[in-house]
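Each chain, letter by letter, is given below.
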Amino acid sequence: MHRASLNLARWVFDRTIGSIRDPRTLRRVGEGLTRLTHAVNGRLRQRVADAAPLPEMRSHDGRERLRALVLRPDAPWRSVEAPRNGTPGMITDEERRYYAYLGRFYSGRGEVVELGPWLGCSTSHIVQGLRGNPNFSGRRLRVFDDFVWRASWMNGFVPEAERPRNHEDFRHLFDKYSGGLSESLTVEKRRILPYDGNEGVPQLAWTGEPVEMIFVDCGRLFLTNDAWYRIFSSSFIPGVTLIAMQDWRLQFRCPYTGRIKRKTSRTRRAPACSSSTS
Ligand SMILES: C[S@@+](CC[C@H](N)C(=O)[O-])C[C@H]1O[C@@H](n2cnc3c(N)ncnc32)[C@H](O)[C@@H]1O
């Protein structure tokens, strides 16, 4: 079967793609093939997840067990209510639901951390989930961002009148949109590592409390992800800590290709920050 599939692919390549000369067409074909590769990798992840169940992690009422579900249309978070609440956001509908869903599994054994809330859309849904869980009562979500505006990929998500200038502080916008959550949040302006205008922002240093859940949405740069891992990983609880990473499944995509830049300026939509947990 494996050899037959490869032979078929080679045959199709020789008769179709092999004769294409136009670079634009070739680029489009390449993107299509990358999408197919994602689909194959998705199947692979499903198989791996099925074969290796997660450590036991139960919802606060004991009714539900957290399962590793990859690309499943019947995943339980898909039916969670997590409507848009007016906060501009870069996450998808499914991601909002997933964040709201995860809160029921918080046991209180450690802190809950969010890296990269931007204006607080993800924050509001994480808090929505946690507030429904008695184990979170009296506790706060620890939120970190450098709150430095990057016009090229942030402008497209907010009305023109509200857009700060490039590299300006946008903490006031986070406070405006997440005002109703302030009792559940501890928010700190920190940089995970020096990056694009945040050179004067204090460095994030974790105080060592155990971390039970960490929601990460601070971009796809390897160095940024390496940096937060170095800061927090010694505080993770073996077999317990849950890491929710927003940019999953986009690891093969270059966020700022020439093509995407042109699209950004024409449609005023940022390309780099939406993905699906599905
Ligand atoms: C993709 S946006 C987050 C979107 C958000 N979670 C939402 O729901 O719309 C990425 C965020 O990470 C922050 N960020 C990126 N690099 C950072 C760094 N090195 N240090 C601190 N924050 C950073 C940005 O300021 C931005 O708020």
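Up top you'll find the structure we're talking about.
Worth saying up front: this structure is predicted, and the values here are computed from it rather than measured.

What counts and how
Residues numbered from 1 in each chain as written. Predicted model: local features only at pLDDT ≥ 70, side-chain atom pairs only at ≥ 80, totals over all residues. Helix = DSSP H or I, 4+ residues; strand = E, 2+ residues; numbered from the N terminus. Buried ≥ 20, exposed ≤ 12 C-beta atoms within 10 Å, placed from the backbone. Contact = placed C-beta atoms within 7 Å. Core = buried A, V, L, I, M, F, W, Y, C linked by C-beta atoms within 7 Å. Near = placed C-beta within 6 Å. Nonpolar A, V, L, I, M, F, W, Y, C, P; charged D, E, K, R; others polar. Pairing = 2+ DSSP bridges. Axes fitted to C-alpha atoms, helices over the stretch in contact; angles between N-to-C directions. Expected span 1.5 Å × (residues − 1). Right-handed = clockwise from strand over helix to strand, strands pointing away. Left-handed = near helix turned anticlockwise from the far one by under 90°.

Colleague: Just to check I follow, could you spell out the overall build of the chain for this structure?
Modeller: The helix and strand tally for the chain stands at 8 helices and 5 strands. Listing every helix and strand of the chain by position from the N terminus yields α-α-α-β-α-β-α-α-β-β-α-β-α. Within the chain, the proportion of its 278 residues that are buried is 28%. Intrachain contacts of the chain at a sequence separation of at least 6 include 73% that bridge at least 24 residues.

Colleague: What exactly am I supposed to notice about unusual backbone geometry here?
Modeller: Of all residues except glycine, most have a negative phi; of all peptide bonds, most are trans. Of note, Phe147 is a non-glycine position whose phi angle comes to about 50 degrees, a positive value. Here Phe147 lies in the loop between strand 2 (141-145) and helix 5 (151-154).

Colleague: I tried to follow the nonpolar core on my own but got confused; where do I start?
Modeller: Soluble, globular proteins show a tendency: their nonpolar side chains are buried together. Leu115, Leu130, Leu141, Met213, Ile214 and Trp228 are the most contacted members of the largest nonpolar core, which totals 32 residues. Broken down by secondary-structure element, the contributors of at least two residues to this core are helix 3 (93-102), strand 1 (111-115), helix 4 (121-131), strand 2, strand 3 (185-189), strand 4 (211-216) and helix 7 (222-232). Once you skip the residues sitting within four places of it in the chain, Leu130 turns out to touch Gly103, Tyr106, Val112, Phe136 and Leu141. Core analysis: the second largest hydrophobic core is formed by 11 residues, Trp118, Leu119, Leu173 and Phe174 among them.

Colleague: I'm lost on the site of the ligand in this one. Help?
Modeller: Gly89, Gly116, Trp118, Ser122 and Asp146 are the nearest of the 21 residues found near the ligand. Grouping the amino acids of the shell around the ligand by side-chain chemistry returns 11 nonpolar, 6 polar and 4 charged.

Colleague: I'm lost on the environment of Phe236 in this one. Help?
Modeller: By secondary structure assignment, the location of Phe236 is in the loop between helix 7 and strand 5 (242-245). Sequence separation between Phe236 and Gly110 is 126 residues; the distance between their C-alpha atoms is 8.6 Å. If sequence neighbours within four positions are ignored, Phe236 has contacts with Val211 and Thr241.

Colleague: Would you take a moment to explain the sheet that holds strand 3 for this structure?
Modeller: Backbone hydrogen bonds hold the strands of a sheet together, and the pairing may be parallel or antiparallel. The sheet built from 5 strands is open, its strands ordered 3-2-1-4-5 with parallel pairing. Each of the sheet's edge strands pairs with one partner strand only, and the pair in question is strand 3 and strand 5. Neighbouring strand axes in the sheet, compared pairwise and without regard to direction, differ in orientation by 15 degrees on average. Of the pairings in the sheet, the one linking strand 1 to strand 2 comprises 4 bridges and is parallel in character. Looking at the pairing, Leu115 lines up with Phe144 of strand 2. Packed onto the sheet, helix 4 meets strand 1, strand 2, strand 3 and strand 4 and runs at close to 170 degrees relative to strand 2.

Colleague: Quick question: what am I supposed to make of helix 1 (residues 2-15) here?
Modeller: Each α-helix winds once per 3.6 residues, and so residues spaced three or four apart point in a common direction. With 14 residues, helix 1 extends 20 Å between its outermost C-alpha atoms, agreeing within 8% with the 20 Å of an ideal straight helix rising 1.5 Å per residue. Among the 14 residues of helix 1, 0 are classified as buried, and the element is accordingly described as predominantly exposed.

Colleague: It is not clear to me how helix 4 should be interpreted in this structure. Could you clarify?
Modeller: In terms of residue burial, helix 4 counts as a mostly covered element, since 10 of its 11 residues are buried. What helix 4 keeps buried is the set Cys121, Ser122, Thr123, Ser124, His125, Ile126, Val127, Gln128, Gly129 and Leu130.

Colleague: Any chance you could explain the pairing of strand 1 here in plain terms?
Modeller: Within strand 1, 5 of the 5 residues are buried, leaving the element largely enclosed by the surrounding structure. Residues Glu111, Val113 and Leu115 of strand 1 are buried on one face, and the alternating residues Val112 and Glu114, pointing to the opposite face, are buried as well. Looking at chain direction, strand 1 and strand 4 are connected through 5 bridges and run parallel. Residue pairing in the sheet places Leu115 in a bridge with Val216 of strand 4. The parallel pair strand 1 and strand 2 is bridged by helix 4, and the resulting crossover is right-handed.

Colleague: In this structure, what is going on with the environment of Arg47? I would like to understand it.
Modeller: Within the fold, Arg47 resides in helix 2 (residues 23-51). Expressed as a C-alpha distance, the spacing of Arg47 and Val70, which sit 23 residues apart in the sequence, is 8.9 Å.

Colleague: Could you clarify how one ought to interpret the environment of Leu223 in this entry?
Modeller: By secondary structure assignment, the location of Leu223 is in helix 7. When the 11 C-beta atoms within 10 Å are taken as the criterion, Leu223 is described as exposed. Distance from Leu223 to Ile192, taken between C-alpha atoms, is 9.6 Å for residues 31 residues apart in sequence.

Colleague: Mind showing me how you'd approach the packing of helix 3 against helix 4 here?
Modeller: Helix packing geometry: the angle between the two helix axes and the distance between the axes. Helix 4 packs onto helix 3 with a crossing angle of 35 degrees between their chain directions and a minimal axis gap of 6 Å. Crossing angle aside, the handedness with which helix 3 passes helix 4 is right-handed. Where helix 3 approaches helix 4, its residues Arg96, Tyr99, Ala100, Tyr101 and Leu102 are matched on the opposing element by Ser122, His125, Ile126, Gln128 and Gly129. Counted by class, the contact of helix 3 with helix 4 contains 5 nonpolar, 4 polar and 1 charged residues.

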